[in-house]
Amino acid sequence: MKIVRGPSSLQLGAKIAELMHTKPVTVAFKNFPDGESYIRLEVSVKNEEVAIVQTTSPPQQDTKIVQLALLSDAAKRDGAKKVRAVVPYLAYARQDRVFLKGEALSAQTIARMLQSSGVDSLITVNVHQEKVLSGFPFQARSVSAINLLADYLKRNGFGGAFALAPDSGAMHIAEEAQNVLRGGCGYLEKQRDRVTGQTSTESKKLDVQGKTVVIFDDIISTGGTIVSATKIVKALGAGNVHVACVHGLFVGDAEKRMLDAGVQEIVATDTVPSKFSKISVAPLIASELSR
Ligand code: R5P
């Protein structure tokens, strides 16, 4: 299998290729003066199965999706047998249904665009809701990085910490983490106003008095969800609060907001590269590609 390093996942692509004992296919890319993307595969992939590693996180997620489509088209035109899109953070996945009349079903729109560019299957990491993948026009699979995050935390002295999900949708994540940390788990209730996008989180009884709490979520975007959850567990007497997420988007002043709320440490994976990417999903993806 040939590993193609997309422009948004150069480091992760290199790590995956190394784990798979193959030299990554290099890609020449640039932006034209008007902002359009140009890409060219620098190595032939004729008759090969190809995995294109390209995350689609902000900023410029739309450009990253177009680059992925161009890479897939280029691979197929060069004679690739199969194209697997490895999209560690899958943009638009949260619009997994039509919430308000007149909206697009964005996740499926993106998947159909990718299919028409030659993508035969897709691998992502902790997609927001797995059921979205069943509507994709090709085989798509989400692998979970929660064990990697929890193992990292355990190695760093967090065994016995309480794993908290900031909303019920993330409870399966907290449960997965609790299987490693063994300090109990629970969740809060979060509501979202579908028009304004504003969220509100309700307090509830949780046994966190004096405990170390790790809040686990799939995505941190503005940090608002984490700020609300942190304030609630602090008010319930939590000893100290740490945060672990798979996809750290950290939009705007998310980091400052979380630290100001009392978060002591933030841990994320490299699906979205940042200074908090302390855990690599490369072994997870390499093993999935080798299956
Ligand atoms: C949505 O339910 C997700 O799991 C995250 O909780 C959400 O995307 C986080 O967004 P923000 O950091 O802006 O609150």
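Quick caveat: nothing in here was measured; it's all calculated off a predicted structure.

Considering the sheet that holds strand 9 (residues 185-187)
Strands sit in the order 9-8-12-13-14-15 across an open sheet of six strands; the sheet is parallel. Two strands close off the open sheet at either side, each with one partner strand: strand 9 and strand 15 (277-279). Mean inter-strand twist for the sheet, computed between neighbouring axes without regard to direction, equals 35°. Relative to strand 12 (residues 212-220), strand 8 (residues 162-165) runs parallel, the two sharing three bridges. Each residue of the ladder has a partner; that of leucine 164, found in strand 12, is isoleucine 215. Of the strands in this sheet, strand 8, strand 9 and strand 12 are in contact with helix 5 (residues 171-181), which crosses strand 9 at around 165°.

Notes on the nonpolar core
Counting 38 residues, the largest nonpolar core has Ile16, Leu149, Leu153, Phe216 and Leu289 as its most contacted members. Residues in contact with leucine 149, not counting those within four places in the same chain, are Phe216, Ala244, Cys245, Val246, Val267, Ala268, Thr269 and Ile279. Ranked by size, the runner-up nonpolar core spans 36 residues in total, among them Ala80, Val87, Ala93 and Phe136.

A closer look at empty space enclosed by the protein
Empty space among the atoms becomes visible once a probe the size of a water molecule is rolled across them. Evaluated as defined, the whole model comprises one cavity of 30 Å³ or more. Quantified by volume, the largest cavity comes out at close to 50 Å³. Lining of the largest cavity is provided by Pro88, Tyr89, Leu90, Ala93, Thr124, Val125, Asn126, Val127, His128, Ile219 and His247.

The rules behind each value
Residues numbered from 1 in each chain as written. Predicted model: local features only at pLDDT ≥ 70, side-chain atom pairs only at ≥ 80, totals over all residues. Heavy atoms only, no water. Pairing = 2+ DSSP bridges. Helix = DSSP H or I, 4+ residues; strand = E, 2+ residues; numbered from the N terminus. Axes fitted to C-alpha atoms, helices over the stretch in contact; angles between N-to-C directions. Contact = heavy atoms within 4.5 Å. Core = buried A, V, L, I, M, F, W, Y, C linked by side-chain atoms within 4.5 Å. Buried < 20%, exposed > 50% of the residue type's maximum accessible area, 1.4 Å probe, protein only. 1 Å grid on protein atoms, 1.4 Å probe; cavity = no way out; pocket = protein on both sides within 12 Å on 5 of 7 lines; lining within 4 Å. Points joined across faces, edges and corners; volume = space filled by probe spheres on them.

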